[in-house]
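Here's the letter readout for the chains.
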Amino acid sequence: MSSSSYPAPTPKPLVGSGKTEKTSRIDPWWGLVAVVVALILILNFASPDPYNRILVFLQEGIWVTVKITLISFLLVLVLGLAVGLARLSKNTILRGIATVYVEVIRGIPMMVQIIFWYFASPAIVQEIGTSLNNASLANFRPDGTTMAIFGLTFGYAAYMSEVYRAGIQSISRGQMEAARSLGMTYFQAMRYIILPQAVRVILPPVGNEFITLLKDTALVSAVAVPDMTRRGREFQASTFIIIETWVMVALVYLVMTLLATRLVSWVEKRSKFER
Amino acid sequence: MEPIIHIENVHKWFGTVHALQAVNLDILKGEVVAIMGPSGSGKSTLLRCINRLEEFDEGKIIVDGITLDSTKNINAVRTEVGMVFQSFNLFPHLSVMDNILLAQKVVRKRGQIESENKARFLLEKVGIPDKANYYPLQLSGGQQQRVAIARALAMDPKIMLFDEPTSALDPEMIQEVLDVMTDLAHEGMTMVVVSHEMGFARAAADRAILMDAGQIIEEAPPEVLFTNPKQERTKSFLSKIL
């Protein structure tokens, strides 16, 4: 591998290199997004009753779904990293706590976790508050959306921590050794050397987690959060329009996940290594 | 003269393997020591113990007056000791320039201009001033290893450790790395080099050491060790690599 085989005097910048050669063509998968969007529009305009009515009714729910997904995912990225690092820690206690957390969370259905956070955990706080004669704890009534975000974050961080862990472990040990031998601390080495490389490795699974999380937000409809699924159920209950409602709900979810997939692969392409 | 590296009765176990067995070694300031030996003899392990990339189980190592015990001391020693690895270990996501800048900034807290001047000076010194904006994987092995040397030198180390720096290189690239190392030796850098490059040892080393089975078998000036070894083990080892 000699440098003379690289005629370019200056290398292409790392970011933005995805804009070259064949990748400049529009990704054909955008076609699928366009088809689904077109289908929604056609239904909406060709048959406004019930499709337009459904869309209007779903609208608020769409925003709730998007909001819960984005907030939870950001929190999952942070908490997952903390747990992932704890899993790799030399400290036995820290590692033990993180391992138990991951194993327990992964063994309980997401649905049960969300119900637990919304119904059971406030009850526990209230009982503690009653026994301590603490009025503010005894009357603890959390907001449904907050607890839903909490539950999703707590649940997904366990999976995400494993993604981080695998990504960090995939970086050769020599990278950490080189950084430490230059006098960097463990956290400096993580921040400047290991994580920037690990992020490139874990982008596909992180993207997967994002899309799965987006779909799993439908579970929060079980705890009175007015997300898109909940709105769909409400619409069905009040109008008895069943097929059209769920066709529309399914199509809107599909647009969101397809868009998320495109976004993920776009980010992936932009962050490839320069070789 | 006080040795800059003092290794006293160091033991190291990998599970049941006794990798280092009561190793004693003093290295003086400005001295260049070449360590040879068959694979598994403990030579790399010994080298890695000097900046605590490997922990030892018994004994004492003092580097430039600092005992390797607390985390703080280990980091202090590491900023004074540069290390060059067999597999280069350049940071592939950073340009050559950034590879050399990063530790200067975050560890030595140097400013951008000062760090950059230092980096350019060192790239010139290792003979690749035109590669500053390339990424490591765009360079040949020999060029990568020279960048790695420049990266270590940017920290102004008092000691340089080389762990088989040419073993992963194509034959025609070995010399360019050895030339840089020889220059460095002649400038008075204290160097500990694990390598089988006898040519380098003859040209630059003050002392050659043969290790086997976790022990130092023989040490002498390279010329003496290569031409007139005293130990049978040294003779049989040299007959194999010559």
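The coordinates are above.
What counts and how
- Within each chain, residue numbers correspond to sequence positions counted from 1 in written order.
- Following the order in which they are written, the chains are lettered starting with A and the ligands numbered starting with 1.
- With pLDDT at 70 or above as the cut-off, local features in this predicted model cover only qualifying residues; side-chain atom pairs require 80 or more to be listed or tallied, and sums for whole chains, interfaces and linings still use all residues.
- To get the side-chain values, all heavy atoms of the structure are used, and hydrogens and water are removed first.
- What makes two residues a contact is simply this: any of their non-hydrogen atoms within 4.5 Å.
- Here the buried area means the combined drop in accessible surface, using a 1.4 Å probe, for two parts upon being joined, counting both sides.
- Here a salt bridge means any side-chain nitrogen of Lys or Arg lying within 4 Å of a carboxyl oxygen belonging to Asp or Glu.
- Any N or O atom pair separated by 3.5 Å or less is treated as a polar contact, with the protein-specific requirement of one donor-capable and one acceptor-capable atom, and with residues adjacent in sequence counted only for side-chain atom pairs.
- Only runs of H or I of at least four residues qualify as helices and only runs of E of at least two qualify as strands under DSSP, and these elements are numbered from the N terminus.
- To sort residues, take the accessible area from a 1.4 Å probe on protein chains only and compare it with the maximum for the residue type: under 20% means buried, over 50% means exposed, and anything in between is partly exposed.
- Here a strand pair is declared whenever DSSP counts at least two bridges between the two strands.
- Cavities and pockets were defined on a 1 Å grid built over protein atoms only: a cavity is a set of grid points that admits a 1.4 Å probe from which the probe cannot escape, a pocket is an open set flanked by protein on both sides within 12 Å along at least five of seven lines, and lining residues are those with an atom within 4 Å of any such point.
- Grid points are joined across faces, edges and corners, and a volume is the space filled by probe spheres set on the points.
- Each residue gets one label: Ala, Val, Leu, Ile, Met, Phe, Trp, Tyr, Cys and Pro are nonpolar, Asp, Glu, Lys and Arg are charged, and the others, such as Gly, are polar.
- Expected span, for any helix, means 1.5 Å times one less than how many residues it has.
- Two axes define the bend at a residue: one fitted to the seven residues ending there, one fitted to the seven starting there, and the bend is the angle between them.
- Residues belong to one nonpolar core when they are buried, are Ala, Val, Leu, Ile, Met, Phe, Trp, Tyr or Cys, and are joined through side-chain atoms within 4.5 Å.
- Arc definition: directions from the helix axis to the C-beta atoms.

K.L.:
An account of the interface of chain A and chain B is needed here, citing residue identities and associated values.
P.N.:
With 29 residues of chain A in contact, the opposing surface of chain B contributes 33 residues. Summing both partners gives a buried area of about 2700 Å² for chain A against chain B, and 60% of it is carried by carbon and sulfur. The salt bridge involving Arg 48 of chain B is made with Glu 177 of chain A; its shortest N-O contact spans 2.6 Å. At the junction of chain A with chain B, the criterion picks out six residue pairs in polar contact (both at pLDDT 80 or more). Among the elements of the structure, helix H7 (173-181) and helix H8 (186-216) of chain A are those that each provide at least two residues to the side of chain A that touches chain B.

K.L.:
Mind laying out unusual backbone geometry, listing which residues take part and the relevant values?
P.N.:
Pro 50 of chain A follows Asp 49 of chain A through a cis peptide bond whose omega is 15°. Within the secondary structure, Pro 50 of chain A sits in helix H2 (residues 48-87). In the Ramachandran plot, Asn 9 of chain B falls in the positive-phi region, its phi being about 55° despite a non-glycine side chain. Structurally, Asn 9 of chain B is set in strand E1 (residues 5-14). Look at Arg 52 of chain B: it is not a glycine, yet its phi comes out positive at around 60°. Assessed through its relative accessible area of 14%, Arg 52 of chain B is described here as buried.

K.L.:
Summarise the sheet that holds strand E5 (residues 66-67) of chain B; cite the residues concerned and give the values.
P.N.:
Residue and element names in this part refer to chain B. Read from one edge to the other, the open sheet built from four strands follows the order E2-E1-E4-E5, with strand pairing classed as antiparallel. Of all strands in the sheet, those with a lone pairing partner are strand E2 (17-27) and E5, marking the two edges. Strand direction decides the pairing type here: E1 and E2, joined by seven bridges, are antiparallel. Residue pairing for E2: Ile 5 is matched across the bridge by Ile 27.

K.L.:
Can you tell me about the layout of surface pockets, naming the residues and giving the values?
P.N.:
In this approach a probe as big as a water molecule rolls over the atoms, and the regions it shows empty are the leftover space. Roughly 1100 Å³ of internal volume is contained in the largest pocket. Listed by contribution, the elements that provide at least two residues to the lining of the largest pocket are H2, helix H6 (144-170), H7 and H8 of chain A together with helix H2 (71-80) of chain B. Across the lining of the largest pocket, the residue classes tally to 13 nonpolar, seven polar and nine charged.

K.L.:
Describe in detail the environment of Leu 263 of chain A, supporting the description with residues and values.
P.N.:
Within the element layout of this structure, Leu 263 of chain A appears in helix H10 (residues 243-270). Once the C-alpha coordinates of Leu 263 of chain A and Val 83 of chain A are considered, the two residues, 180 residues apart in sequence, prove to be 26 Å apart.

K.L.:
Got a sec to walk through the environment of Ser 72 of chain A? Specific residues and values, please.
P.N.:
Residues and elements named next belong to chain A. For Ser 72, the location among the structural elements is in helix H2. Considering only alpha carbons, one finds Ser 72 and Leu 88, 16 residues apart in sequence, at a separation of 24 Å. Apart from the residues lying within four places of it in its own chain, the contact partners of Ser 72 are Ile 149, Leu 152, Thr 153 and Leu 213.

K.L.:
Could you give an account of H8 of chain A, with specific residues and numbers?
P.N.:
Given a rise of 1.5 Å per residue, 31 residues ought to cover 45 Å, yet the end C-alpha atoms of H8 of chain A are separated by just 35 Å, more than 12% below that figure. Taken as a whole, H8 of chain A carries its principal kink of about 55° at Ile 202 of chain A; the proline Pro 204 of chain A stands between one and four residues after it.

K.L.:
Lay out the nonpolar core in plain terms, naming residues and giving numbers.
P.N.:
All names here are of chain B. The biggest cluster of nonpolar side chains holds 51 residues, and the ones touching the most others in it are Ile 100, Ile 149, Met 160, Phe 162, Met 181, Met 191 and Phe 200. The element contributing the most residues to this core is helix H6 (residues 171-186), with eight residues. Listed in part, the 50 residues of the second largest apolar core include Ile 61, Met 83, Leu 94 and Val 106.

K.L.:
Give me helix H9 (residues 232-241) of chain B: which residues, what numbers.
P.N.:
All names here are of chain B. The complete set of buried residues in H9 reads Thr 234, Phe 237 and Leu 238. Axial view of H9: buried residues confined to an arc of 95°, hence all on one face. Residues of H9 that are exposed and point more than 90 degrees away from the buried face comprise Glu 232, Ser 239 and Lys 240. If you follow the buried residues of H9, they end up packed against strand E3 (32-36), helix H7 (198-204), strand E9 (207-212), strand E10 (215-220) and helix H8 (222-227).

K.L.:
Now, about the pairing of strand E4 (residues 58-63) of chain B: what can you tell me, with residues and values included?
P.N.:
All names here are of chain B. Here five bridges tie E1 to E4, and the two strands are oriented antiparallel to one another. Residue pairing for E4: Ile 7 is matched across the bridge by Ile 61. Bridge count between E4 and E5: two bridges; the pairing is antiparallel. Paired with Ile 62 across the bridge in E5 is Thr 67. What sits between E4 and E5 in their antiparallel hairpin is a turn of two residues, with Asp 64 showing a positive phi close to 50°.

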